[in-house]
Structures are given as C-alpha cells and as structure tokens.
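Inside the fold
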Amino acid sequence: MVIAFYMTTLKENMTFGSSRKVTFLRLKFSETKLSVCSVDLLSSKTGQNRQEHHTDLYHGDDLIIRRGQTFQMELELNRPFNADTDKLHLDMKTGSLPMVSKGTHAIIPLVEHLEDLRWEAKIVQENGNKVKLSVNSPSTAVVGLYGLSVTTSSLKGEDATTHNSSKNIVMLFNPWCEEDSVFLDDEEERKEYVLNDTGRLYYGTEKQIGSRTWNFGQFHEGILEACLFILEKSDMPPSGQGDPVNVVRVVSAMINAQDDLGVLVGNWSGDYSDGVSPAAWSSSVEILRKYHSTNGTPVSYGQCWVFSGVTTTVLRCLGIPARSVTNFQSAHDTDVSLTTDVYFDVNMEPIDHLNSDSVWNFHVWNDCWMARPDLPPGNGGWQAVDSTPQETSQGTFRCGPASVNAIRTGQVYLKHDTPFVFAEVNSDKIYWQRNLDGTFSQIHSEKKAVGHCISTKAVGSDERADITHLYKHQEGSEEERIAVETASRYGTKPDVYSTPMAEDVSVEVKMEGEGPRMGADAQLSILVKNMSSQPRRTTLHSQVAVMYYTGVLRNAIKKEQIPVDLLPNEEKTIEWVLPYQQYQNQLVDQAALMLTLSGRVNETQQVLANQTSFRLRTPDLNITPVGEAIVGKEMAAKITFTNPLPRTLKGVVFRVEGLGLQKGHEVVVGDVGGHSTVTLTEHFIPTQPGPRKLVASLDCKQLTQVHGVADIVVVEQ
C-alpha cells in the first residue's frame, strides 16, 4: 500500500525539484517500520573475514573470527536505513544464561567512528536496502559459540523488531592481536604453533631419542565443534572462557577421563584388548571426533604422548599457541619433597614399597604461550601444561599452566603446579639407606639425574629442537644449584642440602651409537673411574629390570655381582651383555629396560649408585608414494615392514591416515613370520593441495612403537 501510494504521488508531483522528491521518498519509507530481512555473515573461507582472521583453514562455512579484530557483515533491510530516524544495534550471546555483567552478552551499538578494544559497529557501506557493517570485539572477549541478533527501532521509541541470525559466530583467541594475552609476535612461530596441523612427538631415552609424526588436525571437519563441546562439558562457566589461564587449566583436566569423564582413558597396564593401544594412534582427529559423536564417552586408551598430542590440537584449534614437549629422565615426585628419593635397606637392597617416586624414561606434556598478569612480571611466555593424569591439583587431575621461567629459577610458590613440574625437570636424585634404628641417612646424591634433552619440534622444519635451557640453567652452574636449593626450601624436606660429601670414584653407563636393537643381544659399557691417588676396590651389584616408560619396574631379569679393582687414577671399562633369549618373553610397552648399579668403596665407604634406562630400537615402516600427487586423482603408497624378531607376530594391524590425503582407517595384516617382510599398497585420492604427510603405525601385542611417515607434495589439477 505504501509503495503504491508513493508511485501515484510521485506522478502527481513530477514538476517538483529532485531534492524535494528524494526527501519525500525518504519520508514515505521511514513511515514503514524498519526491520531486517536477512543477515549475511560473509563467512566464506575465501572471503575477507576468514582470510584476515587466519581462520580460512577451518573446515566449513561458519563465521570463525578472532577476538580483538574487526569483522564485516551485511544486513538486508526492508527499506533503506535512515540515520536520522532509525536505531539499530547487535546482540551477541554465548552460554546458557547470557549476562552483560559476565561478558557473555555483548550489546553492540552503532557508532560514528570505531575505537579499538570494545564492542561496537559502524556502517561502512549503504546500497539501497543493503547495509554493510564493520564490527569490533574487545581483545578480552569470551571465547566460544555466539548467537547473533539484530534489533531495529525508531528514535521515536516505537516497539523494536529483532531478527535472529540463522548462523552462529565462533570467537577464538587471537595470537595476531597485540592486546590479546596470547599474542605471539613472531609470524614463523605463529605458523608453527597455531597453524601447523602436523608435528613430531619424541619418545625413548635420552641416548636413543625416537620421533614420530602426529596429525594434530585442528582444522579437520568436526574438530572445532569437538573442542567447543569439551569446553561446554567442563562445567566451566562461559564467563571464564575469556582468560587463557582458565581455559588451559580446564583443557588439562578435560583431556584425561579421570574424575570428569574427559576425552581419554589412561592405561599403562599393557592390556588394551577393549580399546586401541596408545602406541597405535598417530592422530588426534579420530579421538576427538569419537568423543564428540558419543556425547562425551571417554575414548580408550591414551598414554602421555597421546594426551599431549590431543592437548596441542585443542589449544591450537582455540587459538592458543601450543607445542608438545618431551622431557627425558622425567621425575615423578609423589611427596612434594622436590627431590626424587630412592631408599635402600641396610644391605643396600632397594625397598620397593618406599620407592614411590619414579623417573620416567620420557614424559610428554605441552607448552602454551600467554601473558601471566596473575604472576609477577617476567613470568609470561611459555607455560607448562600437562594433561596426563599423574597427581591431583586442587582435587582434580590436571597440571598447569606453570610458568617455564618460574620453573627455571626455582620460584615454585608461583601458581599453577610449579613444584611438580620443577621436580620433573630439575630435582636431585637422593639415595637413602635405612639405619639399624629404622631412621634413614642420605648416602648419595645425583645432581644431574633428571631432566635431560627437553625436546620439541623445531619451527618450520621436522628437526628436533632442544629447549632444556628454557626449563633449567646449565647443569652444575651456580644458577642451577641456587634454583634447586631455592625450590627445595618450599618442599617437604627443606634440610636435604646441608651435608656435602667427598666422592672420588665414579660409575657411568655408556652405549654405542643408537643403542641395542630389538631382537638382538643388548650390549652396554660400564665405565668406573678412580679419581684419587690411592687404589680403590668395590663390588658392583648389577640388576636389569623390565620397565614401563613411566619408570615403574616390572621384574628383574638378570642380576650379578661385579668385583672391581682400580689402581690410582685408573679408568676401567666393563662390557655388559643381556642376551636376547633372556628378555624376549619379558618386554612390556616401549621395550624399555633399566640397569641399576650399586656398591660401596671399601676404603672410603663412598656409595656408588647409578640407574640407566635404555630401549630396544624398533624398525620403521617404510612408506613409498607411487604416482603423481594431484588433487582429485587417485594415487598409491607402498607400506613395507620387516619383522625384526625371530618369531611370528600375531594379529598385526596397520593404522593409516593423512590429512588431505586419506581418512584414518585400519588395515588388518594378520600374522607376520619371523624376520619376514610384508608390503601393502594403499590407494587414495588427495583432496587438498600443498605439503602433506601420510602416517602409518603398526599395532601388535608383541611389538609397539613401529611407525613411518611419507612427505607428499600435492598439486592442483
């Protein structure tokens, strides 16, 4: 009716001046109540929003943006917008009970000029009934899933009309924004720690470091939804989701299933028959999608590197820079003494029930990057966070974020869980002997037993980067000793450093090259040195035991006594051999063994003690691409494996996955005879261009940690 009325009026007034006509037109239109017909969030992967916000790699066409940065949207109205008479504002709401005071309900007004660090919108373009808005969010905005509505009314105060957008908005942390507390100022580091969807995890022992490729897959279909689901299931109030310290602490708890039905069930028993062996995973994607699709049923099973890989995925997906970190000779301090304690009886036999502290061959956790305004200046940057359930923190299995700088300097009173991580990387190993009256005396200390070769994947390459210097001062330096003694004052045994001891005989264990191979005899060298000008005599008690990588000993498989006579200043090398036949039926996951040496020097009563862990190296899966790697065109890869053992492997299964190449799946191989070779060919069609990794792992009860990777560069058709 209004349009028809306008048309006749316009004909009757053709003689009027053009300015009069436009005014009349606007007058007539403004008599129509303004309403929104549709909202276009401009959420295409290739559009300005997703490109500028570095979210174009995420799967799907939702609007995924980062806080503290401007984004655009278009509104289609039922008539042109008149700034003189019309009012318009946006509402963005997150959580089940959005409140302005909690930061979960943002009322976004129209303004003339955009100013940073607050919710506001500005009209930047008008074209007929279409209006383009530029919208600002603060750098402290709550992260998560938002609903959007647009409310229109007139300046006269008439009833408002609200239009709800059919699409949601996902808000993430922003490492590109200087005001965001997760800001990382190096573009190459942002590419690695936020945008790289594959990486390397390190395992083994410090002298035999192994590595495996891991698909983080943070941009893969369904992963962002799974990460938001984890936050929702955590019972953290949405108002807490603006603070990365809170979010990381919650993620650390939610990645393990202990006490909160989180993502992964930990299992170190060796029996994984009702789930997937931890060593068989090579990707976070299947784990997170399975957890989400079953509405939060924990996935079986994980160990430390799996917990860490999934944590890296979740943090990078949410926009928090993160990396997986491996610590070799990683202490597990159970009594907050900030020392790793080993107890012997009067005959120098270990007292098993007291030896609850353990040293893991390796342990994998995470670093994440953020400012720490809750701590004294200088403690921002890398923070350690650990999702493997080891000890409770404030009643929940979680750990961190602990400032890596605070760990380095021994400031263990700074939150969160700094004493536990300090002990993992820099506790001294203290040996105690029971006296006849039942008390214990400190008989030996190893100041360099814990926290070696702390490793992470290098920025921009698949090389290993050693970051030990970030976690501790150089071993033996005055700064390192001060840090250890500072930390110990806050532990349960503050007086442990009061009695230095004279020692002139040393014992250490060495291995050649990369160390013993699975299926062959294990050979090590014991080096005993006399640093005095007098002869020395001792008897070394040696015991080798099968060990879980967590440092828990299963059973001793060889014991012997080795008499050693040393001339003044003499060094003696003793060759030590463990035949394959003695260990072949004894091994557990990770194929790890620990050699314990102890003895007392006859002349001085000095105690000698040394514990050396080593692993039996397993072969790789060899993966060879076949054919051209072109998007949309079938190609193949040959996977070859040679059994290193002289016995048949039963029920061998390969797990194969490649982001942008091949969905994760299992291939049942069956039995593989002793020393025999098996080859299978995988056919697949690449879906994404660029450098890709095809990852395969072998799952078999008798042999674990066998895996391989092929680098494939896919080109567009």
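Residues numbered from 1 in each chain as written. Predicted model: local features only at pLDDT ≥ 70, side-chain atom pairs only at ≥ 80, totals over all residues. Heavy atoms only, no water.

1. What to know about the overall build of the protein
Rules: Put simply, DSSP H or I for four residues or longer makes a helix, DSSP E for two residues or longer makes a strand, and each gets a number counted from the N terminus. Each residue is assigned to one of three classes by its accessible area relative to the maximum for its type, calculated with a 1.4 Å probe on protein chains only: buried under 20%, partly exposed between the two thresholds, exposed over 50%. Surface accessibility follows the Shrake-Rupley procedure with a 1.4 Å probe radius. Residue values consider only the protein chains on display as shielding. Neither His nor the chain ends is counted toward charge; the positive residues are Lys and Arg and the negative residues Asp and Glu. In plain terms, the charge of a residue is placed at NZ if it is Lys, CZ if Arg, CG if Asp and CD if Glu.
The helix and strand inventory of the protein stands at 13 helices and 39 strands. C-alpha atoms of the protein, sized along the principal axes, occupy 125 × 60 × 40 Å. Buried residues in the protein amount to 55% of all 717 residues. Surface exposure of the protein reaches about 30,400 Å², of which carbon and sulfur atoms provide 49%. Charge separation in the protein, taken as the distance between the mean sites of 66 positive and 88 negative side-chain charges, equals 3 Å.

2. Some details on the domain arrangement of the protein
For the record, the criterion: Domain start and end points were adopted from an automatic or database domain assignment.
Its domain assignment divides the protein into domain 1 (36-172), domain 2 (191-488), domain 3 (505-615) and domain 4 (622-714). Each of domain 1 and domain 4 has a C-alpha centre, and these two points are 47 Å apart.

3. As for the pattern of salt bridges
Put simply, the rule is: For this document, the term salt bridge refers to a Lys or Arg side-chain nitrogen within 4 Å of an Asp or Glu carboxyl oxygen.
Evaluated as defined, the whole model comprises 24 salt bridges. A salt bridge links Glu187 to Arg190, with the shortest nitrogen-to-oxygen separation between them at 2.7 Å. Residue Glu187 and its partner Arg190 are located together in helix α4 (residues 187-195), separated by three residues, close to a single helical turn. The exposure class of Glu187 is partly exposed, given its relative accessible area of 30%. Under the relative-accessibility criterion, Arg190 is labelled buried at 10%.

4. So, empty space enclosed by the protein
Heads up, the rule is: Cavity and pocket criteria rest on a 1 Å grid covering protein atoms alone: a 1.4 Å probe that fits but cannot get out defines a cavity, protein on both sides within 12 Å along at least 5 of 7 lines defines an open pocket, and an atom within 4 Å of a point defines a lining residue. Grid points are joined across faces, edges and corners, and a volume is the space filled by probe spheres set on the points. Throughout, the ten residues Ala, Val, Leu, Ile, Met, Phe, Trp, Tyr, Cys and Pro are labelled nonpolar, Asp, Glu, Lys and Arg are labelled charged, and all others, Gly among them, are labelled polar.
For the structure shown, the criterion picks out five cavities of 30 Å³ or more. As for the largest cavity, its lining consists of Ala280, Trp281, Ser282, Ser283, Glu286, Arg655, Val656, Glu657, Gly664, His665 and Glu666. The class makeup of the residues in the lining of the largest cavity is three nonpolar, four polar and four charged. Taken as a whole, the second largest cavity spans an internal volume of roughly 60 Å³. Around the second largest cavity, the lining residues are Glu192, Tyr193, Gly199, Arg200, Phe216, Arg316, Arg323, Ser324, Thr456 and Lys457. Where the lining of the second largest cavity is concerned, the elements lending two or more residues are α4, β11 (198-205), β15 (322-332) and β24 (452-457).

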